[in-house]
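Structural features, examined
Letter by letter, the chains look like this.
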Amino acid sequence: MRNGGATMPDNGHPPIWQKGRGTASNPAVRFESTAREAFDDGWGSLTEDMPPLRTTLTREAAKSALNYNDSPDLSFDRSLNPYRGCEHGCVYCFARPSHAYVGLSPGLDFETQLFFKPDMPELLARELAKPGYVPRVVTLGANTDPYQPIERTTQVTRRTLEVLERFRHPVSIVTKGAGVLRDLDILSRMAKLDLVRVCVSVTTLDAKLARAMEPRAASPARRIEAIRQLHAAGVPVAVLAAPMIPGINDSELERILEASAGAGAALAGYVLLRLPHELRQLFEEWLHQHYPDRAARVLALVRQTRGGKLYDADFERRQTGEGAYAEMLAQRFATAARRLGLERRAETMHHLATHHFNGRVDDAQLRLL
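This part covers the packing of aromatic side chains. This model, assessed by the stated rule, comprises 5 aromatic pairs. Their ring planes at 50° and their centres at 5.6 Å tell us that Y133 and F357 sit as a pair that is tilted. Here F357 lies in the loop between α12 (342-348) and α13 (363-367) and Y133 lies in the loop between α2 (120-128) and β8 (138-140), a separation of 224 residues in the sequence. Pair check on accessibility: Y133 and F357 agree, each one buried. Aromatic side chains W286 and Y291 sit 5.7 Å apart centroid to centroid with 55° between the ring planes, which places their arrangement in the tilted category. Y291 matches W286 in its accessibility class, with the two residues each being buried.

Once that is clear, we can look at the sheet that holds strand β5 (residues 78-80). Read from one edge of the open sheet, 7 strands run β4-β5-β8-β9-β10-β11-β12, paired in mixed fashion. The outermost strands of the open sheet, each flanked by one partner alone, are β4 (66-68) and β12 (267-272). Adjacent strand axes in the sheet meet at a mean angle of 25°, parallel and antiparallel pairs treated alike. For strand β9 (residues 171-175) and strand β10 (residues 196-201), the ladder comprises 5 bridges, and the chain directions are parallel. By the bridge assignment, V174 is partnered in β10 with C199. Along the sheet face, helix α7 (residues 220-232) touches β10 and β11 (237-244) and points at about 165° away from the line of β10.

Our focus in this paragraph is the side chain of S260. Within the secondary structure layout, S260 lies in helix α8 (residues 253-263). Ignoring anything within four residues of it in the chain, the contact list for S260 reads V202, I224, I227, V239 and A265.

Before going further, it helps to examine the sheet that holds strand β6 (residues 83-84). Reading across the sheet, the 3 strands line up as β3-β7-β6 and stay open at both edges, with mixed pairing between neighbours. Of all the strands in the sheet, just β3 (56-59) and β6 have a single pairing partner and so form its edges. Pairing of β6 with strand β7 (residues 113-116) involves 2 bridges; the strand directions are antiparallel. Bridge pairing in β7 links R84 to F115.

Further remarks concern the confidence of the model for the protein chain. Interpretation of the predicted coordinates at a detailed level should be avoided for regions scoring low in pLDDT. Per-residue confidence for the protein chain gives a mean pLDDT of 88; residues scoring 70 or more make up 86%. Note on residues 1-13: pLDDT is under 50 here. Beyond four places in sequence and across chains, it has 22 contacts.

Turning our attention to the packing of α2 against helix α4 (residues 156-167). In contact at an axis separation of 8 Å, α2 and α4 are set at 20° when each is read in the N-to-C sense. One finds that α2 runs roughly parallel with respect to α4. Handedness of the crossing formed by α2 with α4: right-handed. Between α2, through M120, P121, E122, L124, A125 and L128, and α4, the contact on the second element is made entirely by V156, R159, T160, V163, L164 and F167. Classifying every residue of the contact of α2 with α4 gives 9 nonpolar, 1 polar and 2 charged.

Next up on the list: the packing of α4 against helix α5 (residues 184-191). Helix packing geometry: the angle between the two helix axes and the distance between the axes. As a packed pair, α4 and α5 sit with axes 10 Å apart at the nearest point and diverge in direction by 25°. Between α4 and α5, the angle falls in the class roughly parallel. Crossing hand, α4 versus α5: left-handed. Together, R158, L161, E162, L164 and E165 of α4 and D185, I186, L187, R189 and M190 of α5 make up the contact between the two elements. Split into classes, the residues belonging to the contact of α4 with α5 amount to 5 nonpolar, no polar and 5 charged.

The full count for this structure, using the stated rule, is 19 salt bridges. Across the pair D185 and R158 runs a salt bridge whose closest N-O atoms are separated by 2.7 Å. One end of the pair, D185, is in helix α5; the other, R158, is in helix α4, and 27 residues separate them in sequence. You can call R158 buried: its relative accessible area is 16%. With a shortest N-O distance of 2.6 Å, E165 and R189 are connected by a salt bridge. Of this pair, E165 sits in helix α4 while R189 sits in helix α5, and the two are 24 residues apart along the sequence. Looking at R189, the relative accessible area reads 40%, which means it is partly exposed. Look at the salt bridges and you will find they share partners, linking E151, R158, E162, R182, D183 and D185 into a network.

Conventions adopted
In this numbering scheme, every chain counts its residues from 1 along its sequence in written order. pLDDT decides what is reported in this predicted model: residues at 70 or higher carry local features, side-chain atom pairs at 80 or more are listed and counted, and totals for whole chains, interfaces and linings draw on all residues regardless. Hydrogen atoms and water are omitted, and side-chain values are computed over all heavy atoms in the structure. Paired rings are identified among Phe, Tyr and Trp, the last through its six-membered ring, by centres lying within 6.5 Å, and are further divided according to the angle between planes into stacked (under 30 degrees), edge-to-face (over 60) and tilted (the rest). Runs of H or I in DSSP of at least four residues are treated as helices and runs of E of at least two as strands, each being numbered from the N terminus. Throughout, exposure labels follow a simple rule: accessible area from a 1.4 Å probe, protein chains only, divided by the maximum for the residue type, with under 20% read as buried, over 50% as exposed, and the rest as partly exposed. Paired strands, in this sense, are two strands between which DSSP finds at least two bridges. Only C-alpha atoms enter the line fits that serve as axes; for helices the fit covers just the stretch in contact. Angles between N-to-C directions range over 0 to 180 degrees. Contacts: residue pairs with any heavy atoms within 4.5 Å of one another. Scored between 0 and 100, pLDDT is the confidence that the predictor attaches to each residue. Small angles under 35 degrees read as roughly parallel and large ones over 145 as roughly antiparallel, with 65 to 115 read as roughly perpendicular and the rest as oblique. In this scheme, a crossing is called left-handed if the near helix is turned counterclockwise away from the far one by less than a right angle; it is called right-handed if the turn is clockwise. For this classification, Asp, Glu, Lys and Arg are treated as charged, while Ala, Val, Leu, Ile, Met, Phe, Trp, Tyr, Cys and Pro are nonpolar and the rest, including Gly, are polar. Between Lys or Arg on one side and Asp or Glu on the other, a salt bridge is scored when a side-chain nitrogen of the former is within 4 Å of a carboxyl oxygen of the latter.

See below:
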């Protein structure tokens with residue numbers, strides 16, 4: 001049904017939101033041939049409070065560590081993803097639809113039913129040691145966050161970094177988790193050889209908005225502090241103002257860049273909100289729950305940047321959009337980056353090095369991993 005010009009759940013019942021979760025529903029998996037619809041049995045079963053959902057963690061048997069891509073709008077051709085699903089619960093996460101590939105919903109399942117790859121470090125070591133392997137910068141956390149809360153116990157990310165350091169392989173880390181500071185010892189050593197860069201995602205400086213959008217991620221203040229400490233330890237840091245959501249956090253773009261540059265960020269980037277597949281429904285539900293008065297306006301602005309649709313997957317436009325609003329956002333970003341000296345800092349930042357790579361780590365060293 002429609003409410004204020006935007007789609008509401010078909011069953012007409014408002015979703016039940018749980019504290020600490022980014023979404024309130026489990027939309028059907030797009031690959032399934034059947035769909036389920038909630039039904040009120042007359043006993044208030046759709047409106048009563050539900051018990052808190054528990055996070056489950058399942059071992060995933062991976063065949064390889066490195067994932068390769070040939071996407072023309074990405075700056076890297078390989079990535080490492082220790083986790084499938086993410087407990088941060090960011091409502092806007094473009095990775096949510098990937099949960100459908102394992103038969104789970106991109107909604108609550110994505111943030112509560114997690115998978116981890118405990119043997120990723122060993123697999124990676126074997127791949128890097130193969131004759132003929134050509135090193136290029138690998139992105140750690142291109143899909144889901146390598147420093148989400150479960151990393152504190154599994155330590156897959158840390159052990160993966162230990163392998164990369166041993167092989168002297170360059171890595172670019174993307175995270176919004178302040179847990180990256182735990183690995184400052186490894187990162188600072190790698191930084192001395194130009195082997196690492198950390199990209200910290202800062203979506204907003206408003207703590208209240210952050211709690212609603214990304215309920216289990218580090219607070220904005222902790223992320224800015226992480227930038228500060230990484231910079232102080234000699235680790236090159238970039239800030240990603242991503243995603244920029246029209247009518248929600250887009251007004252903060254300049255302030256995010258200012259705070260990050262002041263903390264030591266030398267590079268900056270931004271990405272416009274992306275709503276592939278099931279993410280459209282999830283984001284609309286979130287808008288109606290948290291910003292019912294502006295939901296229709298926000299969705300209208302999103303459509304302006306996507307050729308009248310809520311999403312356009314074209315490689316040339318999916319990161320930045322099109323139209324007057326998208327062009328204005330790009331101009332604002334460029335102006336702010338120039339004013340803050342981020343362009344000048346970027347020119348002086350060294351490219352990550354590949355010439356230190358050592359693919360001949362002996363068997364005794366590999367057994368230590």
